[in-house]
Amino acid sequence: MDEFIKELDASLDYLEHEITENEVIIYVASNRKSGSCPYCGCDSMRVHSRYEKSFQDLPIMGKKTKVIIENRKFFCDNPDCTFTTFAERFDFLKQNGKKTKRLIEKIIDISLNTSSIAASRTLKGGIADVGKSTICNLLKKRHTTP
Ligand SMILES: [Zn+2]
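Novice: Summarise the coordination of the zinc ion; cite the residues concerned and give the values.
Specialist: Taken together, Cys37 (SG), Cys40 (SG), Cys76 (SG) and Cys81 (SG) make up the protein donors of the zinc ion, found 2.3 to 2.4 Å from the metal. Given four donor atoms and angles of 102 to 115° at the metal, the environment of the zinc ion is assigned as tetrahedral. For the zinc ion, the donor residues sit on a single chain with the sequence spacing C-x2-C-x35-C-x4-C. One end of the pair, Cys37, is in the loop between strand 3 (35–36) and strand 4 (43–44); the other, Cys76, is in the loop between strand 6 (63–75) and strand 7 (85–87), and 39 residues separate them in sequence. The exposure class assigned to Cys37 is buried, which follows from its relative accessible area of 2%.

Novice: Account for the domain arrangement of the chain, with residues named and values stated.
Specialist: Structurally, the chain comprises domain 1 (1–90) and domain 2 (99–146). A separation of 24 Å is found between the C-alpha centroids of domain 1 and domain 2. On the domain 1 side of the contact with domain 2, Gln56, Leu58 and Lys64 bury the most area, a combined 60% of that side's loss. Counting the contacts that link domain 1 with domain 2 gives two salt bridges. Between Asp57 and Arg102 there is a salt bridge, with the nearest N and O atoms lying 2.6 Å from each other. Where domain 1 meets domain 2, there are seven residue pairs in polar contact (both at pLDDT 80 or more).

The rules behind these values
Residues numbered from 1 in each chain as written. Predicted model: local features only at pLDDT ≥ 70, side-chain atom pairs only at ≥ 80, totals over all residues. Heavy atoms only, no water. Donors = N, O, S within 2.8 Å, 3.2 Å for Na, K, Ca; no water. Tetrahedral: all angles 85-135°; square planar, octahedral: opposite > 155°, others 65-115°. Helix = DSSP H or I, 4+ residues; strand = E, 2+ residues; numbered from the N terminus. Buried < 20%, exposed > 50% of the residue type's maximum accessible area, 1.4 Å probe, protein only. Domains from an automatic or database assignment. Buried area = accessible area lost by both parts, 1.4 Å probe. Salt bridge = Lys/Arg side-chain N within 4 Å of Asp/Glu carboxyl O. Polar contact = N/O pair within 3.5 Å; in protein donor to acceptor, adjacent residues only side chain to side chain.

Right, here's the structure in full:
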């Protein structure tokens, strides 16, 4: 399980997991010592607060996977920065994204070879909860981003 999480991002540590009827829930924590302000690039070690954040990742053992992280908010101590706090970010997840990039790639992969309705049915069977419209949007974005 730790390997699965490390492949996603080396700065994540696996804590524990639970398996329910239809999903695997993995709890993780960031092992970075500091956060980097996305607005000015300054590093900060001063934690402002923590909040729970969850996202979907690649299926494990044929079950949907949900990852839960206690995400940190840091103070930005740069007096010239327009922001005083910022949330820790990860490359595998778009800002406010609910699915990891590797899961989105898999969804696109499956959707390219079938209709969006069939893809949605296949995906809901054990990969991710995605509706027909989400699949269409993902495919559209894929064509517009170089
Ligand atoms: Zn800043």
